[in-house]
Amino acid sequence: MALGLRLLLVWLCLLHSVVGYDYEEGKCAFPFRYKRRTFYSCIRSSSKHDWCSLNKTYQGYWKYCGKQDIADCAFPFWYKRMIYRECTDDGNLFGKKWCSLTQNFNKDGIWRYCD
Ligand SMILES: *[C@@H]1O[C@H](CO)[C@@H](O)[C@H](O)[C@H]1NC(C)=O
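Residues numbered from 1 in each chain as written. Predicted model: local features only at pLDDT ≥ 70, side-chain atom pairs only at ≥ 80, totals over all residues. Heavy atoms only, no water.

Caption draft 1: Spatial organisation of the overall build of the protein. Assigned secondary structure in the protein consists of two helices and eight strands. Along the protein, from the amino end to the carboxyl end, the secondary structure elements read α-β-β-β-β-β-β-β-α-β. In the protein, once contacts between residues fewer than 6 apart in sequence are set aside, the share between residues at least 24 apart is 37%. Total accessible area on the protein is roughly 9100 Å²; 58% of this is exposed by carbon and sulfur atoms. (Helix = DSSP H or I, 4+ residues; strand = E, 2+ residues; numbered from the N terminus. Contact = heavy atoms within 4.5 Å. Areas by Shrake-Rupley, 256 points an atom, 1.4 Å probe, with all protein chains shown as cover.)

Caption draft 2: Summary view of the layout of surface pockets. Of the volumes computed, that of the largest pocket is approximately 210 Å³. Along the walls of the largest pocket sit twelve residues, with Cys28, Phe30, Ile70, Ala71 and Asp72 positioned nearest its centre. Its residues placed into classes, the lining of the largest pocket shows eight nonpolar, one polar and three charged. (1 Å grid on protein atoms, 1.4 Å probe; cavity = no way out; pocket = protein on both sides within 12 Å on 5 of 7 lines; lining within 4 Å. Points joined across faces, edges and corners; volume = space filled by probe spheres on them. Nonpolar A, V, L, I, M, F, W, Y, C, P; charged D, E, K, R; others polar.)

Caption draft 3: Broad picture of the pattern of salt bridges. Following the criterion strictly, the structure yields three salt bridges and no others. As a salt-bridge pair, Lys63 and Asp69 come within 2.9 Å of each other at their nearest N and O atoms. Close ionic contact of Lys107 with Asp108 constitutes a salt bridge, the shortest N to O distance being 3.5 Å. Since its relative accessible area comes to 29%, Asp108 is described here as partly exposed. (Salt bridge = Lys/Arg side-chain N within 4 Å of Asp/Glu carboxyl O. Buried < 20%, exposed > 50% of the residue type's maximum accessible area, 1.4 Å probe, protein only.)

Caption draft 4: Examining the side chain of Ser100 more closely. Mapped onto the elements, Ser100 comes out in strand β7 (residues 98-100). Among the polar contacts made by the side chain of Ser100, one reaches the main-chain carbonyl oxygen of Thr102 at a distance of 2.5 Å. Separated by 3.4 Å, the side chain of Ser100 and the backbone oxygen of Ile110 make a polar contact. Once residues within four sequence positions are removed from consideration, Ser100 is found in contact with Cys73, Ala74, Phe77, Phe105, Ile110 and Trp111. (Polar contact = N/O pair within 3.5 Å; in protein donor to acceptor, adjacent residues only side chain to side chain.)

Caption draft 5: A look at the state of the cysteines. In the structure shown here, the tally under the stated rule is four disulfides. Between the sulfur atoms of Cys87 and its disulfide partner Cys114 the distance amounts to 2.0 Å. On the S-S bond that ties Cys87 to Cys114, the torsion sits near -90°, and the link is left-handed. With Cys87 in the loop between β6 (82-84) and β7 and Cys114 in the segment after β8 (111-113), the pair connects residues that are 27 residues apart, well separated along the chain. Relative accessible area serves as the criterion here: at 11%, Cys114 is assigned to the buried category. (Disulfide = S-S within 2.5 Å.)

And the structure:
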């Protein structure tokens, strides 16, 4: 019985690492290029579910998006005359924290909320 439980635990551990590895392989490659546009988030157009490209330039590899599929903040980023190394509520009307998705917010203006 004890041995059986041990084997089960070892097996679960292996399974977990395999699944974790697969998940790492299948990350959205933000920002990615698709049809001459650059995307910083998942795409909904012409499909029922959001999806993203797994390559920086779309090559037919893709996956459906989940909650965790968001672009990383591009720290440090430049906003107005300051360099930010973490999310900020500066300039947000609702006092909610946000971050830039490129290093130059002044030029690109691409952002998302933090959490
Ligand atoms: C595109 O991404 C897939 C999945 O991560 C990978 O298997 C494939 O090798 C990538 N293609 C290129 C050309 O890097």
